[in-house]
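Results of the structural survey
Here are the chains, one letter per residue:
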Amino acid sequence: MTRAARLALAGAGAAIAGLVIAMIAGGAAFPRIIPGLPDAGTFTRWGVPLSKLTMDVAGALTVGLLLAATVLLPSDKGMLGKPAAGYVRAAAWAALAWSAGAFFALLFATAETSSMPITEALLNGPYLSHYATQTSQGVALTLVALFGLAIALFSRGAITAGAAAGLLGFALVTLLPPTLTGHAASSPNHNLATSALSLHVLVLAPWVGGLAVLAAHAVRGAPQLDIAAARFSKLALWCYVGVGVSGVFSALARLTSLSDLWTSAYGVLVVAKIVAFVLLGYVGWWHRQRTLEALARSRPRAFTRLAAGETLLMLATVGLAVALSRTPPPPASVPADRAFELLGFPMPPPISVANIASLWWLDLFFALVAAALAGLYAAGVIRLRRRGDAWPWGRTASWFAGVAILVIATQSGLARYAKVMFDVHMIEHMTLSMIVPIFLVLGGPVTLALRALKPAARRGDRGPREWLTTILHSGLVRVVAHPGIATAIFIASTYALYFTPLFASAMEEHLGHIWMTLHFLISGSLFFWVIIGVDPGPYRLPYVGKLLTLFVTMPFHAFFGVALMMTGSLIASDWYEQLGRTWGGPLLEEQQNGGAIAWGFGEIPTLIVLLAIAAQWYQDEDRQARRADRRAERVGGDTELDAYNAYLARLNRADKGE
Ligand code: HEM
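Note that the coordinates shown come from a computational prediction; the quantities given were computed from them, not determined experimentally.

Within the protein chain, the secondary structure is distributed over 30 helices and 0 strands. Whereas a compact globule of 658 residues would reach a radius of gyration of roughly 26 Å, the protein chain reaches 29 Å, a difference of no more than 12%. Principal-axis analysis of the C-alpha atoms places the extent of the protein chain at approximately 115 × 70 × 45 Å. In the protein chain, which comprises 658 residues, the share counted as buried stands at 47%. Contacts in the protein chain between residues far apart in sequence, at least 24 positions, make up 76% of those at least 6 positions apart. Looking at the protein chain, you have 48 positive and 35 negative side-chain charges, and the mean spots of the two groups are 15 Å apart.

The iron atom of the ligand binds to the protein through His200 (NE2) and Lys273 (NZ); the donor distances cover 1.8 to 2.1 Å. Note that the iron atom of the ligand binds 6 donor atoms; their angles at the metal cover 79 to 176°, and the shape is octahedral. Of this pair, His200 sits in helix α9 (residues 190-219) while Lys273 sits in helix α12 (residues 265-296); the two residues are 73 residues apart in sequence, bridging distant segments of the chain. By the burial criterion, His200 is buried, and Lys273 matches it.

Before going further, it helps to examine α12. For an α-helix, the turn length of 3.6 residues means that residues three or four places apart are oriented alike. For α12, spanning 32 residues, the distance from its first C-alpha to its last is 44 Å, which sits close to the expected 46 Å at 1.5 Å a residue. Where α12 bends most, at His287, the angle is about 50°.

The final tally for this structure, using the stated rule, is 8 salt bridges. Between Glu112 and Arg326 there is a salt bridge; the shortest N-O distance is 2.7 Å. Of this pair, Glu112 sits in helix α3 (residues 82-114) while Arg326 sits in the loop between α13 (301-325) and α14 (338-343); the two residues are 214 residues apart in sequence, bridging distant segments of the chain. Residue Glu112 is classed as partly exposed on the basis of its relative accessible area, which comes to 28%.

This part covers the environment of Arg326. Assessed through its relative accessible area of 22%, Arg326 is described here as partly exposed. Taking the C-alpha atoms as reference points, Arg326 and Ala60, separated by 266 residues in sequence, lie 20 Å from one another. In terms of polar contacts, Arg326 uses its side chain to reach the side chain of Glu112, at 2.7 Å.

Let us look at the domain arrangement of the protein chain. Examined at the domain level, the protein chain breaks down into domain 1 (1-32 + 189-329), domain 2 (39-181), domain 3 (338-454 + 472-600) and domain 4 (602-658). Domain 1 and domain 2 are separated by 19 Å when their C-alpha centres are compared. Counting residues at the interface gives 35 residues for domain 1, matched by 28 residues for domain 2. In this assembly, domain 1 packs against domain 2 so that about 2700 Å² is buried in total across both faces, 77% of it on carbon and sulfur atoms. Among the residues of domain 1 in contact with domain 2, Val213, Arg231 and Arg326 are the three that bury the most area, contributing 20% of the side total. Our count for the domain 1 to domain 2 interface comes out at 1 salt bridge. Between the two partners, domain 1 and domain 2, sit 7 residue pairs in polar contact (both at pLDDT 80 or more). Contributions of two or more residues to the side of domain 1 that touches domain 2 are made by α1 (3-26), α9, α10 (225-254) and α13.

On the surface, Glu508, Glu509, Asp574 and Glu577 cluster together to form a negatively charged patch. Position of Glu509 among the secondary structure elements: in the loop between α24 (502-508) and α25 (510-532).

Within the largest apolar cluster, 93 residues are counted, with the highest numbers of intra-cluster contacts made by Leu66, Trp98, Trp207 and Phe303. With 15 residues, α3 is the single largest residue contributor to this core. Shared between two domains, this core holds at least three residues of each, these being domain 1 (1-32 + 189-329) and domain 2 (39-181). If you look at the next biggest cluster of nonpolar residues, it comprises 74 residues, including Val436, Leu472, Leu550 and Ile571.

As a further point, take a positive patch on the surface. Together, Arg3, Arg6, Arg301 and Arg305 make up a region of like positive charge exposed at the surface. Mapped by element, the contributors of at least two residues to the positive patch are α1 and α13. Residue position: Arg6 is located in helix α1. Its relative accessible area of 48% is what places Arg6 among the partly exposed residues.

On to empty space enclosed by the protein. As enumerated under the stated definition, the model contains 4 cavities of 30 Å³ or more in all. Estimated volume of the largest cavity: approximately 180 Å³. Taken together, 18 residues line the largest cavity, and the ones lying closest to its centre are Asn191, Trp361, Asp363, Thr410 and Lys419. Of all the elements in the fold, those that place two or more residues in the lining of the largest cavity are α9, α16 (364-386), α18 (413-420) and α25. Of the residues assigned to the lining of the largest cavity, the class counts are 7 nonpolar, 7 polar and 4 charged. Inspection of the lining of the largest cavity shows a minimum of three residues originating in each of domain 1 (1-32 + 189-329) and domain 3 (338-454 + 472-600). The space that makes up the second largest cavity amounts to roughly 70 Å³.

The next point concerns the packing of aromatic side chains. This model, assessed by the stated rule, comprises 25 aromatic pairs. Arranged with centres 5.7 Å apart and planes meeting at 80°, the rings of Phe422 and Phe503 form a pair that is edge-to-face. Taken together, the positions of Phe422 in helix α19 (residues 422-441) and Phe503 in helix α24 put the pair 81 residues apart, joining distant regions of the chain. Taking the relative accessible area as the measure of exposure, Phe422 reaches 2% and is therefore buried. Here the aromatic cluster, defined as three or more aromatic residues joined through ring pairs, consists of Phe422, Tyr495, Tyr498, Phe499, Phe503, Phe559 and Phe560. In this structure, Arg581 packs its charged tip against the face of Trp583, placed 4.9 Å from the ring centre.

What counts, and at which threshold
Residues numbered from 1 in each chain as written. Predicted model: local features only at pLDDT ≥ 70, side-chain atom pairs only at ≥ 80, totals over all residues. Heavy atoms only, no water. Helix = DSSP H or I, 4+ residues; strand = E, 2+ residues; numbered from the N terminus. Rg over C-alpha atoms; globule rule 2.2 N^0.38 Å. Buried < 20%, exposed > 50% of the residue type's maximum accessible area, 1.4 Å probe, protein only. Contact = heavy atoms within 4.5 Å. Lys, Arg positive; Asp, Glu negative; His and termini not counted. Charge placed at Lys NZ, Arg CZ, Asp CG, Glu CD. Donors = N, O, S within 2.8 Å, 3.2 Å for Na, K, Ca; no water. Tetrahedral: all angles 85-135°; square planar, octahedral: opposite > 155°, others 65-115°. Expected span 1.5 Å × (residues − 1). Bend = angle between axes of the 7 residues up to and from the residue. Salt bridge = Lys/Arg side-chain N within 4 Å of Asp/Glu carboxyl O. Polar contact = N/O pair within 3.5 Å; in protein donor to acceptor, adjacent residues only side chain to side chain. Domains from an automatic or database assignment. Buried area = accessible area lost by both parts, 1.4 Å probe. Patch = residues over 30% accessible without salt bridge, like charges linked within 9 Å, V, L, I, M, F, W, Y side chains within 5 Å. Areas by Shrake-Rupley, 256 points an atom, 1.4 Å probe, with all protein chains shown as cover. Core = buried A, V, L, I, M, F, W, Y, C linked by side-chain atoms within 4.5 Å. 1 Å grid on protein atoms, 1.4 Å probe; cavity = no way out; pocket = protein on both sides within 12 Å on 5 of 7 lines; lining within 4 Å. Points joined across faces, edges and corners; volume = space filled by probe spheres on them. Nonpolar A, V, L, I, M, F, W, Y, C, P; charged D, E, K, R; others polar. Phe/Tyr/Trp six-rings, centres within 6.5 Å; stacked < 30°, edge-to-face > 60°. Lys NZ or Arg CZ within 6 Å of the ring centre and 35° of its normal.

Below, the structure written as structure tokens:
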């Protein structure tokens, strides 16, 4: 048996051992059977976590293989090298295992919820299809099974770095559906729980999968290990921080007090995970201190052994984590009202400026988005400064103003009241789609990135800078950044959101709400990039064109506002009525206020944009005039002026008939 096969076998053993020990220790292996209540039976009781473990490990492996092919191993002018192409083909098999794991998890979950033996569940088509299409957990597992299959099929033919990168993105998205169900959905603060768990698996998969592939690469003595390990080490540090932060928030969303950590089975398993996490941190540190250096001096032995051991520890921790997801968290004392269930926080008191200013509530997803936007931008500016390059402070100020407004719009009391009052929601919408993007695009993030990022060390290879230019020149960006398309998206999506059931589902589902907020930000940034963006884009509109594009949107916004003010029926009525708010209202009046806000609010950004266009136009004219002057000085006279005078002279001569 090859060394890689031995490592794979040991890895499977470690994962199963971690699962079994934690299932027994946490009590999930021996749940209390209540007489008279149906019991799914031992086979199903172990089938659910084992198939889930297969799904989690195969998913991480698929991500790890595609990551190795796209990021860890050098490519050549967009084409995958030989080892990288081999990993994409291997990803096809891992994705197939992923899909199969999800399918069996679906079968076992069906058997468990119906207390049928698995064979019966398999044969009971109507029940299985009901579970797979009508329950959130069933839908999530069905999506993973189908997407896994699609990744397996597409990986067969992928030979370019671009295609492998696309598959990697798809695989990362495929990790998400299961994180929106299970304990995360039933936890008291389900928004925090789902955001934290989504982030947890998004950073876990490249970390666990990337290391497993790297360890296999090392034990096989495959080429370019030093390059791959050095690149992975940078990525692993960020994943480690992400796993720690998201793990702690996941635990906070499920535990009610610190003492739960030693008084509840769930808490004890969390502590076990924290211990594993610290151990993995120490191993990572040791790699940085010792083994990577030795590897760079062509001595891979220490790195190979430690990476193999680390992979086993990680897979055992994944087993432990699956057992944790099968262990009931300690009961939480939450107000049993519908509003709390829907919002994930108690209904706020009557709205006031003081309450908006004081009732901050952590939206983990957008808090991390804001932190990433601020951190990456600051890192770029610091790198330029260290290099002695200037960067306009106005752009930096504008960027951080945009990020600050984003934080206020998504974390302050404004975000809470936006969930329960339509007119406040409209203020949040307008802020996110108009104000925040204006300040962000005036910050020139792409120009900063292109100046701060170093070109790839190897010719023809793709580092972060090359990937950024590839994306900027891609067909997709050419389409969405076209002024006509960007304007259409900006206008039409507002109508599509509020005059279809989309808004209602965006308010009811946490993922829907994240998508809606992201859409406001992205469609707004796209539109304002086209008209006042500092960064280079595929199209350069003349200033008159920019003004026209801005003015074209105004009647549509006004009409949208008026249409809302005129509507006699309540949008997302189920949502607002279920909340059962006892203060404020009537609901229809708040909706009409929302219309007035949508209509009136547009003036503010229009003014800012007009000022920005005027300033850019003036600077441009001034730059051109100075350039013409410099050219005139260089050729000892103003060629343009000379040419014009010569033309006048010719006219004069013509007049005199000479
Ligand atoms: C600070 C350390 C960590 C903490 C506090 C933590 C906490 C958690 C919590 C509370 C969950 C949700 C479980 C549930 O559904 O109830 C979870 C899920 C998970 N954790 Fe961690 N974790 C940590 C580190 C890790 C590490 C180091 C790994 C693996 C190497 C890991 C792998 C996982 C996996 C795979 C899941 C999803 C399980 C599933 O639902 O299938 N975690 N973690």
